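Inside the fold
Residues per chain are reported as follows:
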Amino acid sequence: MPYREYLLNAANKFGTPLYVYDADIILRQISYFKEAFKAFPLRIMFAMKSNSNINILKLMLKNGVGLDTVSILELQTGLQMGFSSEQIVFTPNLVDFNEIVEAVTLGADINIENLSNLEKFGKEYGSSKSCFIRLNPHIIAESKSKAVTEWHNQSKFGISLTQFDQLHKIIKKYGIIVDGIHIHSSHVIMETEIFLKGAAIIFQLAENFPHLKYIDFGGGIKVPHYSGERVVDLIELGKALKPKYDDFCRKIDKRIELWFEPGRFMVGESGTLLVQVKVLKTNGHVKFAGVDSGFSQLIRPMFYDAYHEIVNLSNPGGKQEVYTVVGNLCEIDNFAKDRFLNEIREGDILAITHAGAYGYSMASQYNSRFRPAEVMISGDKMQVIRKRDTLEDLLRNQIEINI
Ligand code: LLP
């Protein structure tokens, strides 16, 4: 059955808005990643912030992929799903040191990204526990999005190379064993060149860490947001990295394990948000297609100017016209502006594609709307993997007082 039919069936059967994931695409991405880096000792840690549905975590676990976690609750979820603590890295940002202590107790590898927590780590554990250090090598990734550029330039992530001396003073003072270094320098790795530039800096810095066993290159590998968008060729990247890696290992006389923390790469393409057009409306010269969803269910277009392809599943042969596709929240709520789409009628089902990463995981109940249900297609099976919210979910945890 063509995938379009599966999606229409899913919308029919489970209603909209609905997230649908294709498990085969996730498996394809895992295999592709392994293939690209097969020449290296490799560990892949899925960044579960991109999609934390337990069934997606299960797919990762079954296929030998570990977890990159950013909160204790992510870590605990991973452990509950059967990941061993050795398969989990804890990479939080600016958290209370108590969270780090808890993560150490739970047995995860710890990634430290500020001098304040490193100092506390040294005081608490000395050389009894090893850690990773997250460095910020200030590599600039090109991006059209103001939000991404600002995000990058804020540099709240990682220990700046300008603090390298202070970093070493703390390591020396407490005898901290640094067995891994980490970068997640840019929002999106778009080019082999940018990646190699980062790798060269990291290989050079790595020579300063005598206990080093791992280099963690983080995530940020760009994926297409519409069919045919050019993205980095990982096979080519792996090949280009190999001689540089070999030189580096020869120089330090040991083989360092390479880690990656891909999120969007693993699940971005697999996910589609299905929505139904409820109202067609023209204001001035703009033709709006109003759908039964909003940025509370997929925030990326509004928050990052992200482009997600939209397909009119109900009218694939319809004449193309220009539409602005909007959600139903009571404020500006665009999914796509001035987009050529096959003629839209009220009731049509639209697929907002490439929405598997940072879609549901960033969803909220804003405007008191239910978060969508999630469905996974695997072979011929189509199964609900999360129910739509209910009114009880909206009211849960609220306490009515006498006022
Ligand atoms: N590792 C670290 C340390 C990270 O901070 C992130 C993402 C990842 C891995 C995974 O990056 P990925 O491979 O998924 O690009 N909500 C935004 C993305 C925020 C990314 C935050 N860090 C979006 O929708 O694009």
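What you see is a predicted model, and the numbers here were worked out from it, not measured in a lab.

Entries for the protein chain in the domain assignment read domain 1 (91-262) and domain 2 (269-388). For domain 1 versus domain 2, the separation of C-alpha centres amounts to 35 Å. Each partner contributes to the interface: domain 1 provides seven residues, whereas domain 2 provides ten residues. Between domain 1 and domain 2 lies a buried interface of about 740 Å² when both sides are counted; carbon and sulfur atoms form 55% of it. Summed over the shared surface of domain 1 and domain 2, the number is zero salt bridges. Counting across the interface, domain 1 meets domain 2 through three residue pairs in polar contact (both at pLDDT 80 or more). Of the residues assigned to the side of domain 1 that touches domain 2, the class counts are three nonpolar, three polar and one charged.

Before going further, it helps to spend a moment on the packing of helix 4 (residues 72-80) against helix 5 (residues 97-106). Two packed helices can be described by the angle between their axes and the distance between those axes. Where helix 4 meets helix 5, the closest approach of the two axes is 10 Å, and the angle between their N-to-C directions is 15°. With respect to helix 5, the element helix 4 is oriented roughly parallel. Here helix 4 and helix 5 pass one another in a crossing that is left-handed. Counted together, Ile72, Leu75, Gln76 and Leu79 of helix 4 and Glu99, Glu102, Ala103 and Leu106 of helix 5 form the full contact between these two elements. Here the residues of the contact of helix 4 with helix 5 are counted per class, giving five nonpolar, one polar and two charged.

Parameters at a glance
Residues numbered from 1 in each chain as written. Predicted model: local features only at pLDDT ≥ 70, side-chain atom pairs only at ≥ 80, totals over all residues. Heavy atoms only, no water. Domains from an automatic or database assignment. Contact = heavy atoms within 4.5 Å. Buried area = accessible area lost by both parts, 1.4 Å probe. Salt bridge = Lys/Arg side-chain N within 4 Å of Asp/Glu carboxyl O. Polar contact = N/O pair within 3.5 Å; in protein donor to acceptor, adjacent residues only side chain to side chain. Nonpolar A, V, L, I, M, F, W, Y, C, P; charged D, E, K, R; others polar. Axes fitted to C-alpha atoms, helices over the stretch in contact; angles between N-to-C directions. Helix = DSSP H or I, 4+ residues; strand = E, 2+ residues; numbered from the N terminus. Parallel < 35°, antiparallel > 145°, perpendicular 65-115°, else oblique. Left-handed = near helix turned anticlockwise from the far one by under 90°.

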